[in-house]
Amino acid sequence: MSVVLITGSSSGFGMAGALAFARRGDRVYATVRSRERGAQLRELAGEEKLDLHTRILDVTRPDTFAPLIEDIVAETGSLDVLVNNAGIIHPGAWEDLPEAAIREVMETNFFGPMLLARAALPQLRKQRSGYIIMISSLSGLAGLAGDVPYSASKFALEGATEALRHEIDRWGIHVALVEAGQYATGLFRDEGELPAGYPTDSPYRALVAAKLKEVHDGHASAMSPELVGQLLPQIADSDGSQLRWPADEVARHVLHSLHRQNDTERDAFLRGAGGSDWWSQGLARPGYSENE
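None of these values were measured; they are calculated from a predicted model. Along each chain, residues carry numbers from 1 onward, in the same order as the chain's sequence is written. Where totals are concerned, whole chains, interfaces and linings use all residues; where local detail is concerned, this predicted model gives features only for residues with pLDDT of at least 70, and gives and counts side-chain atom pairs only at 80 or more. For side-chain calculations, the full set of non-hydrogen atoms in the structure is used, while hydrogens and water are omitted.

(A) Representation of the overall build of the protein. Helix numbering and strand numbering both begin at the N terminus, where a helix is a DSSP run of H or I of at least 4 residues and a strand a DSSP run of E of at least 2. What the protein contains, in helices and strands, is 10 helices and seven strands. Values of the radius of gyration come from C-alpha atoms, whereas the globule rule sets the reference at 2.2 Å times the count of residues to the power 0.38. Compactness check: the protein gives a C-alpha radius of gyration of 20 Å against a globular reference of 19 Å for 292 residues, within 12% of the reference. Each principal axis of the C-alpha distribution contributes one length, and for the protein these read about 65 × 40 × 35 Å. Looking at the protein residue by residue over its 292 residues, the buried ones come to 49%. Contact criterion: two residues are considered in contact whenever any of their non-hydrogen atoms come within 4.5 Å of each other. Pairs at least 24 apart in sequence give 71% of the contacts found in the protein among residues at least 6 apart. Total accessible area on the protein is roughly 14200 Å²; 50% of this is exposed by carbon and sulfur atoms. Seen as two clouds, the 28 positive and the 40 negative side-chain charges of the protein have centres 5 Å apart. Exposure classes here rest on a 1.4 Å probe applied to the protein chains alone. A residue is buried below 20% of its type maximum, exposed above 50%, and partly exposed in between. Residue exposure ignores everything except the shown protein chains as possible cover, and the areas themselves are Shrake-Rupley values with a 1.4 Å probe. Only four residue types enter the tally: Lys and Arg on the positive side, Asp and Glu on the negative side; His and the chain ends are excluded. Working definition for charges: the position is that of NZ of Lys, CZ of Arg, CG of Asp or CD of Glu.

(B) Representation of the packing of aromatic side chains in the model. Classification of ring pairs uses Phe, Tyr and Trp, with its six-membered ring standing for Trp, and accepts pairs whose centres are within 6.5 Å; under 30 degrees between planes counts as stacked, over 60 as edge-to-face, and the remaining range as tilted. For the structure on display, the rule yields one aromatic pair. Criterion for a charge above a ring: Lys NZ or Arg CZ within 6 Å of the ring centre, and within 35 degrees of the ring normal. Positioned above the aromatic ring of Trp 171 is the side chain of Arg 125, whose terminal nitrogen or guanidinium carbon lies 5.6 Å from the ring centre. If you follow Arg 170 out to its NZ or CZ, it ends over the ring of Trp 171, 5.6 Å from the centre.

(C) Seen up close, the nonpolar core. What we call a nonpolar core is a set of buried Ala, Val, Leu, Ile, Met, Phe, Trp, Tyr and Cys residues that are connected through their side-chain atoms within 4.5 Å. Grouped together as the largest cluster of nonpolar side chains are 31 residues, with contacts concentrated most on Leu 5 and Ile 132. Contributing elements (two or more residues each) for this core: β1 (3-6), α3 (65-76), α4 (99-127), β5 (130-135), α5 (148-168) and β6 (173-179). At eight residues, the largest contribution of residues to this core is made by α4. Once residues within four sequence positions are removed from consideration, Ile 132 is found in contact with Leu 82, Asn 84, Ala 117, Leu 121, Leu 124, Ile 168, Ile 173, His 174, Val 175 and Ala 176.

(D) Structural view of the packing of helix α1 (residues 12-23) against helix α7 (residues 225-236). At a minimum axis separation of 7 Å, α1 and α7 run at an interaxial angle of 50 degrees. Classified by the angle between their axes, α1 and α7 sit oblique to one another. Note that α1 runs across α7; the crossing there is right-handed. Every residue of α7 that contacts α1 at Gly 12, Phe 13, Ala 16, Gly 17, Ala 20 and Phe 21 is listed here: Pro 225, Glu 226, Val 228, Gly 229, Gln 230, Leu 232, Pro 233 and Ala 236. Taken together, the residues of the contact of α1 with α7 break down into nine nonpolar, four polar and one charged. The angle between two axes is taken between their N-to-C directions and runs from 0 to 180 degrees, where each axis is a line fitted to C-alpha atoms and a helix contributes only its stretch in contact. For this classification, under 35 degrees means roughly parallel, over 145 means roughly antiparallel, 65 to 115 means roughly perpendicular, and everything else is oblique. Helix crossings are classified by the rotation of the near helix relative to the far one: an anticlockwise turn of less than a right angle makes the crossing left-handed, while a clockwise turn makes it right-handed. The nonpolar class holds Ala, Val, Leu, Ile, Met, Phe, Trp, Tyr, Cys and Pro. Asp, Glu, Lys and Arg form the charged class, and all remaining residues, Gly among them, are polar.

Right under this line is the structure:
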């Protein structure tokens, strides 16, 4: 039995991962932002009599990280797996987004997971074992238009995790990055083509609207978060030799494509994958007039 701490567990990858670990007999501490947000997970755990416990955690409050780790260790004697899953996105063009929104993305997606990992390290070093799994994104490998803050947070997470790997491996501590394509996680709420209150005079409206419509249209065929949830225990059982874990065929294709390209080839690939050639060429959004 392993002791597992997983963040962002009210839905999506976090809920799927928490259940996957608990269903195989692990003791799971699943964090949510409020007691209400953990109701569904507690209900499922109760129905299946799982050793799964919710805890309240705001990943932008690093002063609460050490007490949480200490409480878990006091109850169980160890911490074997930390899954940093909690994340947010504020869609929009870089020039349009308020600084507060940009900083919130970085605090949640980068500083939160890295500082929680740091809070866990004293216990993991003491044990001379442990696994830290970071839920990254293809946006951490391929920066696309309309995705600047989220891409920045995930690129930072990718680099920091890779560097951290070489600092802590001497104590038998492993790290991993999960690369996933589009999943039905609720990260994007269905709010039409543009978020409420998006600047009406933005020169990027057509670009952002097109990107969001693409995401919303693809949501119906998006993959189930359970696929990633099932992958997490496999990673935790691995020997630590693999850093990046593609969760699906799209992720495998992107990893393979980007890691064998020069900058010119990478740029062409990303423009095609992001569907933004029309924007870079100064054209109107396909199927829309110049003013839309």
